[in-house]
Amino acid sequence: MVRSRDLVAFGDPYEEATLDVSVARRIVTARRLALRRAGGGELEGTGTAGFNGALDLDVTASRFPLEAIPQLGELPFPVTGQLSGQVHVGGNVAHPSVGGVVALAATRLRNILLGAGQLKLEPGGDAVRLSGTFFDRLHVDGYLTLAPRVALFARITFEKMPLELLIPELKDIDAHAVASGSVQLSITRDGVSDAQVRLSDLVFWMEPPRGEAEDAHQRFELRNRGEVVVVYRDDQLALDSVHLASAAGDLRVTGFLAARHSDVRVKGSLSLELLEHFARDLVDHVHGDLLADLRLSGPLAQPELGGTLAVRQVSIAPRAADRPINLPSGRIDFERGAAVVRSLRVELDGEALVASGRVALQGLKPSTVDLNLRGAVSARLLQLILPRYFSEASGIIDVTVDALGPWQSPRLAGRLALKNVGLLPRRVGREITVRSGTVELGGARLPDSSVRLKGLRGTLDDGEFLLDGVLTLADWQPADVNLRFQGLGIPHRVPHLYELHVNTDLQLYSDDRRRLHLDGAVDIADGRYVQRFDLLK
């Protein structure tokens, strides 16, 4: 009998090994074989092994990790889980034959969780037949070849299978899916050579969060029309039949994907209500559809997108906003490596802004932009975009702006005309109203910017002001400042202490070291000291 407390087999450490064997007539007889892995799991066995390679062994496993089985390590993806049960190993070393019944726990193929189940192994010819059940819903039938090369063929059938059991990540986004159908796989050590998915029924849905009003977020549901068929063969994924339906209408996907060349068509209606569930912290409601007639072609590393994406009555209600932002119409045409935006209309508070132009694409990523914005926008948009800075915003801004250059840092040029724009900045607590004036954008590339303020007339509380000058930013920091602020009757108050009204003519400017200076005059036109005091004391 041999005992060892420091054994390494196939690169796997064992903390305890016991071997009781005898050798006679070129046959090794194992009266007892016991192995305990350092990382957990045990094996016990008895039987014989001939010098000629013949095997006749009975092995009992207890919570033995699947990743510790050498042959499974040859597969091109990880197989994890725990194995318990009894297995008979016959045949010979070159062509082993395996049979028995084993229980599997926490089984995972790649990133797909199969969970607990039972698998029956039946030896026959050059392969081992596999049959079993997981989750009481997932039925496996197939063959495993161990020599001369590991190969697996399996057909998995299921009926009303909750997919979040296989894909736990669905729970992270509060999504659910149920499917019925089959998956057929052929796997060698080089990878998946053939796969076929056929779904007779598929339903995907997302429920509104618990505790919210019934009308806050609607249930989103997507289901198949007809059998869904997806085939992988010869390094090509073919979408033979994918026809899905939602409240917005039907969506069809056909074609194939491959590394060297792809050709996929997407046609139908895409409901934007799904965005409600992924952007709950930003929006209360998203309604409307995108009408798609798209084609993806070319190599996957640099695909080309063609076709049209049209907006149909889209309405977005941001959080804490009392009115929605509407996109009633517009179209994006994908042609010759670019997305051409045609009259994309954005409406808020009865004002409309229209975007048109061209965005060049490298594959599916934007590279350069040549867009123009024309129309008017409600100043309330500042409150929605910059809620940290403005608690209230009202009025109208006429927009004539062009964006040209790299996607991440385009040059902005144009003009903003302000009409009775009222702002209540946070932490200031004073209402600013710009009755008239313009902001001219000088065409610098973001994050740099050149801004000229011309004739901004308005009120600060009950005082009046006129603001003119130039402001240049470099990486969003003031680089060159030359502003003149003229005020008439500008109030300044410290509650229960004093009240002042001042007339000002101030110049704020920067020097060549970007240091700011303030020059000018402040005249007190009126003032009162309001704190109570006692002259006798």
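Since this is a predicted model, take the numbers as computed values, not measurements. (Residues numbered from 1 in each chain as written. Predicted model: local features only at pLDDT ≥ 70, side-chain atom pairs only at ≥ 80, totals over all residues. Heavy atoms only, no water.)

**Focus on the overall build of the protein**
Phase 1 of the analysis: The helix and strand tally for the protein stands at 4 helices and 34 strands.
Phase 2 of the analysis: Taken over the C-alpha trace, the protein has a radius of gyration of 36 Å; the compact-globule value for 537 residues is 24 Å, which it surpasses by more than 25%.
Phase 3 of the analysis: For the protein, the spread of C-alpha atoms along the three principal axes comes to 120 × 70 × 50 Å.
Phase 4 of the analysis: Here the protein holds 537 residues, and 38% of them are scored as buried.
Phase 5 of the analysis: Partitioning the contacts of the protein with sequence separation of at least 6, the portion at a separation of at least 24 is 37%. (Helix = DSSP H or I, 4+ residues; strand = E, 2+ residues; numbered from the N terminus. Rg over C-alpha atoms; globule rule 2.2 N^0.38 Å. Buried < 20%, exposed > 50% of the residue type's maximum accessible area, 1.4 Å probe, protein only. Contact = heavy atoms within 4.5 Å.)

**As for the environment of Ile-187**
Phase 1 of the analysis: Tracing the chain through its elements places Ile-187 in strand 13 (residues 175–188).
Phase 2 of the analysis: Given the relative accessible area of 5%, Ile-187 is considered buried.
Phase 3 of the analysis: For Ile-187 and Phe-153, which are 34 residues apart along the polypeptide, the C-alpha to C-alpha distance reads 6.4 Å.

**Remarks on the confidence of the model for the protein**
Phase 1 of the analysis: Chain-level statistics for the protein give a pLDDT mean of 87 and a share of 95% at 70 or above.
Phase 2 of the analysis: The spread of mean pLDDT over the elements of the protein runs between helix 3 (residues 274–278), the lowest at 72, and strand 25 (residues 351–362), the highest at 95. (pLDDT = per-residue confidence, 0-100.)

**Focus: a nonpolar patch on the surface**
Phase 1 of the analysis: Taken together, the side chains of Val-2, Leu-19, Val-21 and Leu-33 make up a nonpolar region of the molecular surface, amounting to roughly 280 Å² of accessible area.
Phase 2 of the analysis: Under the relative-accessibility criterion, Leu-19 is labelled partly exposed at 33%. (Patch = residues over 30% accessible without salt bridge, like charges linked within 9 Å, V, L, I, M, F, W, Y side chains within 5 Å. Areas by Shrake-Rupley, 256 points an atom, 1.4 Å probe, with all protein chains shown as cover. Salt bridge = Lys/Arg side-chain N within 4 Å of Asp/Glu carboxyl O.)

**Side note on the packing of aromatic side chains**
Phase 1 of the analysis: Using the criterion set out here, one finds 1 aromatic pair in the structure.
Phase 2 of the analysis: Considering the side-chain rings of Phe-465 and Phe-485, the 5.7 Å spacing of their centres and the 20 degrees angle between planes classify their relative orientation as stacked. Of this pair, Phe-465 sits in strand 31 (residues 463–474) while Phe-485 sits in strand 32 (residues 477–494), placing them 20 residues apart in sequence.
Phase 3 of the analysis: Taking the relative accessible area as the measure of exposure, Phe-485 reaches 24% and is therefore partly exposed. (Phe/Tyr/Trp six-rings, centres within 6.5 Å; stacked < 30°, edge-to-face > 60°.)

**Thoughts on the nonpolar core**
Phase 1 of the analysis: Formed by 73 residues in total, the largest nonpolar core has its most connected members in Leu-138, Phe-158, Leu-163, Val-242 and Phe-334.
Phase 2 of the analysis: Broken down by element, this core gets its largest block of residues, 6 residues, from strand 20 (residues 283–298).
Phase 3 of the analysis: Residues contacting Val-242, with those up to four places away along its chain left out, are Val-228, Val-229, Val-230, Leu-251, Arg-252 and Val-253.
Phase 4 of the analysis: One finds Phe-390, Val-399, Leu-418 and Leu-483 within the second-largest nonpolar core, a separate group that totals 24 residues. (Core = buried A, V, L, I, M, F, W, Y, C linked by side-chain atoms within 4.5 Å.)

**Details of the side chain of Ser-182**
Phase 1 of the analysis: Structurally, Ser-182 can be placed in strand 13.
Phase 2 of the analysis: On the basis of relative accessible area, Ser-182 is assigned to the buried category, the value being 11%.
Phase 3 of the analysis: Beyond its immediate sequence surroundings of up to four residues, Ser-182 is in contact with Arg-155, Ile-156, Thr-157, Phe-158, Gln-196, Val-197 and Arg-198.

**Looking at the pattern of salt bridges**
Phase 1 of the analysis: In total, this model carries 28 salt bridges according to the counting rule given.
Phase 2 of the analysis: With its nearest N and O atoms 2.7 Å apart, the salt bridge here joins Asp-349 to Arg-380. Residue Asp-349 is located in the loop between strand 24 (338–348) and strand 25, and its partner Arg-380 is located in helix 4 (residues 380–385); the two are separated by 31 residues in the primary sequence.
Phase 3 of the analysis: Salt-bridge contacts for Asp-511 lead to Arg-515; the nearest nitrogen and oxygen are separated by 3.0 Å.

**A look at unusual backbone geometry**
Phase 1 of the analysis: Even without glycine at this site, Asp-234 takes up a positive phi of about 55 degrees.
Phase 2 of the analysis: Tracing the backbone through its elements, the reader meets Asp-234 in the loop between strand 16 (228–233) and strand 17 (236–246).
Phase 3 of the analysis: Backbone geometry places Asp-349, a non-glycine residue, at a positive phi of 55 degrees.
Phase 4 of the analysis: By relative accessible area, Asp-349 is classed as partly exposed at 27%.

**A few points about the pairing of strand 16**
Phase 1 of the analysis: Of the strand pairs in this sheet, strand 14 (residues 191–206) and strand 16 are connected by 6 bridges, and their pairing is antiparallel. Residue pairing for strand 16: Gln-196 is matched across the bridge by Val-231.
Phase 2 of the analysis: The pairing of strand 16 with strand 17 spans 5 bridges and is antiparallel. Residue Val-231 lies in a different strand from strand 17, and its bridge partner there is Ala-238. (Pairing = 2+ DSSP bridges.)

**Some details on the environment of Gly-90**
Phase 1 of the analysis: Mapped onto the secondary structure, Gly-90 falls in strand 7 (residues 79–91).
Phase 2 of the analysis: Each C-alpha atom of the pair Gly-90 and His-139 lies 27 Å from the other, and the pair is 49 residues apart in sequence.
Phase 3 of the analysis: For Gly-90, the residues in contact, after removing those within four places along its chain, are Leu-55, His-95, Pro-96 and Ser-97.

**A closer look at the environment of Met-1**
Phase 1 of the analysis: Within the secondary structure, Met-1 is located in the segment before strand 1 (2–4).
Phase 2 of the analysis: Using a relative accessible area of 61% as the deciding quantity, one classes Met-1 as exposed.
Phase 3 of the analysis: Put simply, Met-1 and Leu-33 are 32 residues apart on the chain and 9.8 Å apart in space, counted from C-alpha to C-alpha.

**A short note on the pairing of strand 13**
Phase 1 of the analysis: Pairing analysis gives 10 bridges linking strand 12 (residues 151–162) to strand 13, with the strands arranged antiparallel. Counted as the bridge partner of Arg-155 is Gln-184 from strand 13.
Phase 2 of the analysis: In the sheet, strand 13 pairs with strand 14 via 14 bridges, with the strands oriented antiparallel. Along strand 14, the bridge assignment pairs Gln-184 with Gln-196.
Phase 3 of the analysis: The antiparallel hairpin formed by strand 13 and strand 14 contains 2 residues in its connecting segment.

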